[in-house]
Amino acid sequence: MIRAVNLIKRFRRFEALKGLSLNVPDGSAYALIGSNGAGKTTAIRILMNLSQATEGTATVLGVDSRAISPRELCQIGFVAESQRLPAGLSTAQYLDYLRPFYGEGWDRDLETALLRQMRLPRERKIGHLSHGMRMKFALVCALAFRPRLLVLDEPLSGLDPLIRDEFMQGLAEQAGETTILLSSHEMNEIEGLVTHVGFIEDGRMLFEEGMTGLAGRFRQVCVTLAREAVRPSVAPAEWVDMRAAGNVLTFVDTRFSESGLGERVRAVIEGVRDIDTEPMALRSIFTAMARRAAAATGSEL
Amino acid sequence: MTLPRISLRPGRPILDQLLFAARKAIFSGEFSPGQAFPSIRALAAELRIHPNTAHKAVQQLIQEGLLVARPGLGTVVGRPAGARKTDRRKLLSEEFERVVIDAMRVGLELPEVIESIEEHWLRLSKATEVRK
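Each chain carries its own residue numbering, running from 1 in the direction its sequence is written. Following the order in which they are written, the chains are lettered starting with A and the ligands numbered starting with 1. Note on the predicted model: pLDDT of at least 70 is required for a residue's local features to be given, and 80 or more for side-chain atom pairs to be given and counted; whole-chain, interface and lining totals, by contrast, use all residues.

Draft legend 1. Representation of the overall build of chain A. Scanning chain A from terminus to terminus reveals ten helices and 14 strands. The principal-axis extent of the C-alpha atoms belonging to chain A is close to 70 × 40 × 30 Å. Expressed as a percentage of the 301 residues in chain A, the buried residues total 36%. Across chain A, the fraction of contacts at a sequence separation of at least 24, relative to all contacts at a separation of at least 6, is 69%. A helix here means a DSSP run of H or I that spans at least four residues, while a strand means a run of E at least two residues long, and both kinds are numbered starting from the N terminus. Working definition of burial: number of other C-beta atoms within 10 Å of the residue's own, with buried at 20 or more, exposed at 12 or fewer, and partly exposed in between, all C-beta atoms being placed from the backbone. For the purpose of contact definition, each residue receives a C-beta atom placed from its backbone, and two residues are in contact when these atoms lie within 7 Å.

Draft legend 2. Quick peek at the interface of chain B and chain A. In this assembly, 16 residues from chain B lie in contact with 20 residues from chain A. Charged means Asp, Glu, Lys or Arg here, nonpolar means Ala, Val, Leu, Ile, Met, Phe, Trp, Tyr, Cys or Pro, and polar covers whatever is left, Gly included. Of the residues assigned to the side of chain B that touches chain A, the class counts are nine nonpolar, three polar and four charged.

Draft legend 3. Region of the structure containing the environment of A:Met135. Residues and elements named next belong to chain A. Along the chain, Met 135 falls in helix 5 (residues 131-143). As for Met 135 and Ala 244, which are separated by 109 residues in sequence, their C-alpha atoms are 43 Å apart. Those residues in contact with Met 135, other than ones at most four positions away along the chain, are Gln 83, Pro 155, Leu 159 and Phe 167.

Draft legend 4. The nonpolar core, seen in detail. Among the nonpolar cores identified, the biggest contains 94 residues, and A:Leu47, A:Val151, A:Leu193 and B:Ala44 are the most heavily contacted of them. The element best represented in this core is helix 5 of chain A, accounting for nine residues. Non-local contacts of A:Leu193, meaning those with residues more than four positions away in its chain, are made with A:Ala29, A:Met168, A:Leu171, A:Ala172, A:Ala175, B:Arg48, B:Ile49 and B:His50. As used here, a nonpolar core is made of buried Ala, Val, Leu, Ile, Met, Phe, Trp, Tyr and Cys residues. They are joined through C-beta atoms within 7 Å.

Draft legend 5. Just helix 10 (residues 282-297) of chain A, in detail. By this rule, a helix spans an expected 1.5 Å times one less than how many residues it contains. Between its terminal C-alpha atoms helix 10 of chain A stretches 23 Å, which fits the 22 Å expected from 16 residues at 1.5 Å a residue. Of the surrounding elements, those touching the buried residues of helix 10 of chain A are helix 7 (187-190), strand 9 (196-201), strand 10 (204-210) and helix 8 (211-217) of chain A.

Draft legend 6. Region of interest: the domain arrangement of chain A. What the domain assignment reports for chain A is domain 1 (2-208) and domain 2 (219-279). Taking the mean C-alpha position of each, domain 1 of chain A and domain 2 of chain A sit 40 Å from one another. Those domain boundaries reflect an automatic or database domain assignment.

Draft legend 7. Quick look at the domain arrangement of chain B. For chain B, the assigned domains are domain 1 (14-77) and domain 2 (85-131). Here the C-alpha centre of domain 2 of chain B lies 24 Å away from the C-alpha centre of domain 1 of chain B.

Draft legend 8. Seen up close, the packing of helix 6 (residues 161-174) of chain A against helix 2 (residues 40-47) of chain B. As a packed pair, helix 6 of chain A and helix 2 of chain B sit with axes 7 Å apart at the nearest point and diverge in direction by 155°. The angle between helix 6 of chain A and helix 2 of chain B places the two elements in the roughly antiparallel class. Between helix 6 of chain A and helix 2 of chain B the crossing geometry is right-handed. Between helix 6 of chain A and helix 2 of chain B, the residues in contact are A:Gln169, A:Ala172 and A:Glu173 and B:Arg41, B:Ala44 and B:Ala45, respectively. Residues of the contact of helix 6 of chain A with helix 2 of chain B, tallied by class, amount to three nonpolar, one polar and two charged. All axes here are fitted lines through C-alpha atoms, helices being fitted over the stretch that makes contact, and every angle between N-to-C directions spans 0 to 180 degrees. Comment on the angle field: the value is read as roughly parallel under 35 degrees, roughly antiparallel over 145, roughly perpendicular from 65 to 115, and oblique elsewhere. Take the far helix as your reference; a near helix turned counterclockwise from it by less than a right angle gives a left-handed crossing, and one turned clockwise gives a right-handed crossing.

Draft legend 9. Local environment of the sheet that holds strand 4 (residues 55-60) of chain A. Residue and element names in this part refer to chain A. Pairing between strands is defined by DSSP: at least two bridges between them are needed. Reading across the sheet, the four strands line up as 2-1-4-5 and stay open at both edges, with antiparallel pairing between neighbours. Looking along the sheet, the strands with just one partner apiece sit at the ends: strand 2 (14-24) and strand 5 (63-64). By the bridge criterion, eight bridges tie strand 1 (residues 2-11) to strand 2 in an arrangement that is antiparallel. Bridging across to strand 2, Arg 10 finds its partner in Glu 15.

Draft legend 10. Expanded view of the confidence of the model for chain B. All names here are of chain B. Averaged over every residue, the pLDDT of chain B is 82; residues scoring 70 or more account for 84%. Averaged over each element, pLDDT in chain B is lowest for helix 4 (residues 85-105) (76) and highest for helix 3 (residues 51-63) (93). Prediction confidence for the complex, expressed as pTM and ipTM, is 0.83 and 0.78 respectively. Scored from 0 to 100, pLDDT records how confident the predictor is in each individual residue.

Draft legend 11. Region of the structure containing the sheet that holds strand 10 of chain A. Residue and element names in this part refer to chain A. Strand order across the open sheet formed by six strands is 6-7-8-3-9-10, with mixed pairing between neighbours. Edge positions in the sheet fall to strand 6 (76-80) and strand 10, since each of these pairs with one other strand and no more. This sheet shows a mean twist of 10° between the axes of neighbouring strands, independent of strand direction. The pairing of strand 3 (residues 29-33) with strand 8 (residues 179-183) spans four bridges and is parallel. Among the inter-strand pairings, Tyr 30 is bridged to a residue of strand 8, identified as Leu 181. Along the sheet, helix 5 contacts strand 6 and strand 7 (149-153); its crossing angle with strand 6, the most-contacted strand, is approximately 170°.

The structure is reproduced here in structure tokens:
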């Protein structure tokens, strides 16, 4: 659905993207995650042809992103955090304005159902809507034509918990019909919805993976020792974010497998009493990997 | 309509959590045979999960005989049939071993484990009795 190869984007001397590649499979719900300034919005803007890559190419719906025309835009729903909508129009006027662009593709029944589900007024000046309502309204506008691709850049940021929840509910209900690319920091909220994750750090793709594989290979490991824990001088490279506190040593195993973990731990740590492993939420996986990336570059978090 | 008393926890595979909640709801009598089961779309919207995941869960439950597809009507709760041999073997060897290891790890005694299993068993089978 989307494929980008080696995208580089320079703003004067600053390199925002340093060879970013990504691949969003058909029918997936792909979450682009990464720290602030990692390059998520820059990447999305290039994919949506709102900005040009300095180098590298991307195809969206089989078309070079630089050649995206109204024909493709009719099949792409896009909502950005800083979504601009005409403040002077009412919601109904804006929907009247949008519909002709999509012709037969616009589904009025779905529009009505979404407005009701999202508890949005039919007739209110857009400028008088709260930020949360504006974002929900933008989602309705992006879903009502049943797009093949839905792109959401930080859609949940600045929304209160109730509005976020309504937003996610509307999204989950339509997710089966469209491919989704979204960037978000609200990882607990999106965890159930996303099928693929791409982890951007410092303008590069650290890894991209299906959620099932990701959930399977990451574990928080907690080793209880007979004495005060110290970080071992040598440890497998796949163990990250290692911490010692009291008699407990914790780390994140990024290549977890149940069999042989005990032997691997005892090979580098003495006096092991107990080993406990916990599956990790997307959010914890992200923070562990972000800390490691920051440590590797020597920067502070 | 969705599953009663389900709340998903991040970090655990959604599909497993959903299957567990559905089986529990069926065996504990929260759903009776013949009763309509939530649609894929309703499950996805209510739980904020991807419809594909909900679809996989429903397919799996149909395979297990816990749900029956009624074309045009959606799925209804079936009558749980006898378990397949592989399921029994898997439960008796792997799952119980896991329980035993966890129990030993936290220092439980065998009678405590048996008592706890009995409690769960009685609670769930009572619900099924009432239903019959």
